Amino acid sequence: MSKEIVVSGIRSTGFLHLGNYFGAMRNYVKMQEDYNCYFFVADYHSLTTHPDPKDLRGNVYRVVAENIAAGLDPDKVALYAQSDLPEIPELYLMLNMLAYKGELEKVPTFKDKVRQQPENVNAGLLTYPVLMTADILIHKAVKVPVGKDQEQHIEMARNFAGRFNGRYGELFPEPQPFNFGDTLVKVPSLDGAGKMSKSEHGNATLYLADEDDAIRKKVMKAKTDSGPTEHNSTMPEYIQNVFQLMNLVSTSEITESYRAAYNGCTIRYGDMKKQLAEDMVNFIRPIREKAVALQADETKMMAVLRHGAEKARESASRTISEARKLIGINYY
Ligand code: TYM
């Protein structure tokens, strides 16, 4: 039986963090054995915020290096830069004709961006979910490993796929968001508000490139309080967040012992955070060290990207000629 097709991407904006790891990269690494995987650096998507051209190459290499350091094997998957597949912008253009201004304006991530950067509400931001759809459909993916924040974008990709099929004929399967485990992951930020993210809350986000001491400092500053006063009381969200982070990197015995201490009102958050900080350091350090070494090896980074692009182009060119034919772009 042929393997199911998987596509996912990470924007080359800023540093990768624990949310990227547990929402996306951990799934990539697990999926590489049993699926036909296409993982890419979304460098076109990063242009929506107008990065300095001098930074692009380093940013792209960092995403590649951090993924390999996290366990991704570029011989088992296609690991490539989005901009290496001209078929993606071509499919994006076709899909843009099927996407409506009204529905794009309603997307919550677009509304957030309008609030965050009112001086730069460009058309690329508006059609961001259409470009994502092209990324996914260009390989006819059925599974898209992503964090919770991307769920709505994948739903739009399903809609656009259906719309294309309805108008021109069956070509694309409907992609589903994917996570090992029941639900999509949202890794919370350390300040008790929102999620870890590349662009916001530098002190509340743990980056895979953070040095040991920076990790310790950030974790020790995580929001807590003086502790519960009644047995088995409901946890405030910011305390749930600390437990959630502990769940990701500490053993279940350790997490359960703190949970019991919480329920019995004997918990000491200072001790809990010290434990979490050490477990976090032990988790991030090997990834950071490997990534730094890889990123410095430019010859290797170039070879990985070139090889990945070759693999990905094969399936992309097949899909785009089928799409052209169905649309009627087929003149000689
Ligand atoms: P990006 O680069 O913001 O994030 C990459 C991946 O990390 C996940 N993620 C999180 N998961 C859990 N908790 C968090 N705090 C957290 N923060 C980020 C994201 O859900 C994502 O899976 N638009 C995408 C990139 C993209 C893409 C695609 C993804 C472009 N084309 C096609 C899938 C398919 C983005 O900006 O992700």
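Fair warning: this is a prediction, and the values are worked out from it, not measured in the lab. (Residues numbered from 1 in each chain as written. Predicted model: local features only at pLDDT ≥ 70, side-chain atom pairs only at ≥ 80, totals over all residues. Heavy atoms only, no water.)

1. Details of the overall build of the protein chain
Looking only at helices and strands, the protein chain features 14 helices and 5 strands. For 332 residues, the compact-globule estimate of 2.2 N^0.38 gives 20 Å, and the protein chain sits close to it at 21 Å. Each principal axis of the C-alpha atoms in the protein chain carries an extent, and together these give about 75 × 50 × 45 Å. For the protein chain, buried positions account for 49% of its 332 residues. Sequence separation of at least 24 residues holds for 78% of the intrachain contacts in the protein chain that already meet a minimum separation of 6. When the accessible surface of the protein chain is split by element, carbon and sulfur atoms take 50% of a total near 16,000 Å². One way to put it: in the protein chain the 41 positive side-chain charges average out to a point 2 Å from where the 43 negative ones average out. (Helix = DSSP H or I, 4+ residues; strand = E, 2+ residues; numbered from the N terminus. Rg over C-alpha atoms; globule rule 2.2 N^0.38 Å. Buried < 20%, exposed > 50% of the residue type's maximum accessible area, 1.4 Å probe, protein only. Contact = heavy atoms within 4.5 Å. Areas by Shrake-Rupley, 256 points an atom, 1.4 Å probe, with all protein chains shown as cover. Lys, Arg positive; Asp, Glu negative; His and termini not counted. Charge placed at Lys NZ, Arg CZ, Asp CG, Glu CD.)

2. A short note on the site of the ligand
Taken together, 27 residues surround the ligand, and among them R11, Y128, D135, D149 and K198 come closest. Between the ligand and V187, the relevant distance is 2.8 Å, taken from a nitrogen atom to a main-chain nitrogen or oxygen of the residue. Contact distances for the ligand include 2.5 Å between an oxygen atom and a side-chain N or O atom of K198. Surface burial for the ligand is 98%, taken as the share of its 710 Å² of free accessible area covered by protein chains. Every element with two or more residues in the shell around the ligand is listed here: β1 (5–11), α1 (18–31), β2 (36–42) and α8 (128–137). Grouping the constituent residues of the shell around the ligand by class yields 12 nonpolar, 9 polar and 6 charged. (Near = heavy atom within 4 Å. Polar contact = N/O pair within 3.5 Å; in protein donor to acceptor, adjacent residues only side chain to side chain. Nonpolar A, V, L, I, M, F, W, Y, C, P; charged D, E, K, R; others polar.)

3. Looking at unusual backbone geometry
With a phi close to 50°, N232 is a non-glycine residue in the positive phi region. With respect to the secondary-structure elements, N232 resides in the loop between α10 (212–220) and α11 (237–249). Here C265, not a glycine, exhibits a phi torsion of approximately 60°, which is positive. Under the relative-accessibility criterion, C265 is labelled partly exposed at 25%.

4. With respect to the domain arrangement of the protein chain
Taken as a whole, the protein chain is organised into domain 1 (5–178 + 297–327) and domain 2 (202–291). Placing the centre of domain 1 and that of domain 2 at their C-alpha centroids yields a distance of 32 Å. Each partner contributes residues to the interface: domain 1 has 11 residues there, and domain 2 has 14 residues. Between domain 1 and domain 2, a total of about 1,100 Å² is buried, with carbon and sulfur atoms accounting for 82% of that surface. Looking only at domain 1, the three residues that lose the most surface to domain 2 are L18, F22 and A69, adding up to 49% of its buried area. On inspection of domain 1 and its partner domain 2, the count reaches 0 salt bridges. Scanning the region where domain 1 abuts domain 2 turns up 2 residue pairs in polar contact (both at pLDDT 80 or more). (Domains from an automatic or database assignment. Buried area = accessible area lost by both parts, 1.4 Å probe. Salt bridge = Lys/Arg side-chain N within 4 Å of Asp/Glu carboxyl O.)

5. What to know about the environment of N36
Along the chain, N36 falls in strand β2. On a C-alpha basis, the gap between N36 and K3 in space is 5.6 Å, while along the polypeptide they are 33 residues apart. Apart from the residues within four sequence positions on either side, N36 is in contact with K3, E4, I5 and V6.

6. Quick look at the pairing of strand β3 (residues 78–81)
Going residue by residue along β3, you find A78 and Y80 tucked away on one face and L79 and A81 tucked away on the opposite face as well. Of the strand pairs in this sheet, β2 and β3 are connected by 4 bridges, and their pairing is parallel. In the strand pairing of β3, V41 is matched with A81. (Pairing = 2+ DSSP bridges.)

7. Considerations on the layout of surface pockets
Approximately 170 Å³ is the volume found for the second largest pocket. Mapped by element, the contributors of at least two residues to the lining of the second largest pocket are α3 (53–69) and α14 (298–327). With 4 residues, α3 is the single largest residue contributor to the lining of the second largest pocket. Per-class residue counts for the lining of the second largest pocket are 6 nonpolar, 1 polar and 3 charged. (1 Å grid on protein atoms, 1.4 Å probe; cavity = no way out; pocket = protein on both sides within 12 Å on 5 of 7 lines; lining within 4 Å. Points joined across faces, edges and corners; volume = space filled by probe spheres on them.)

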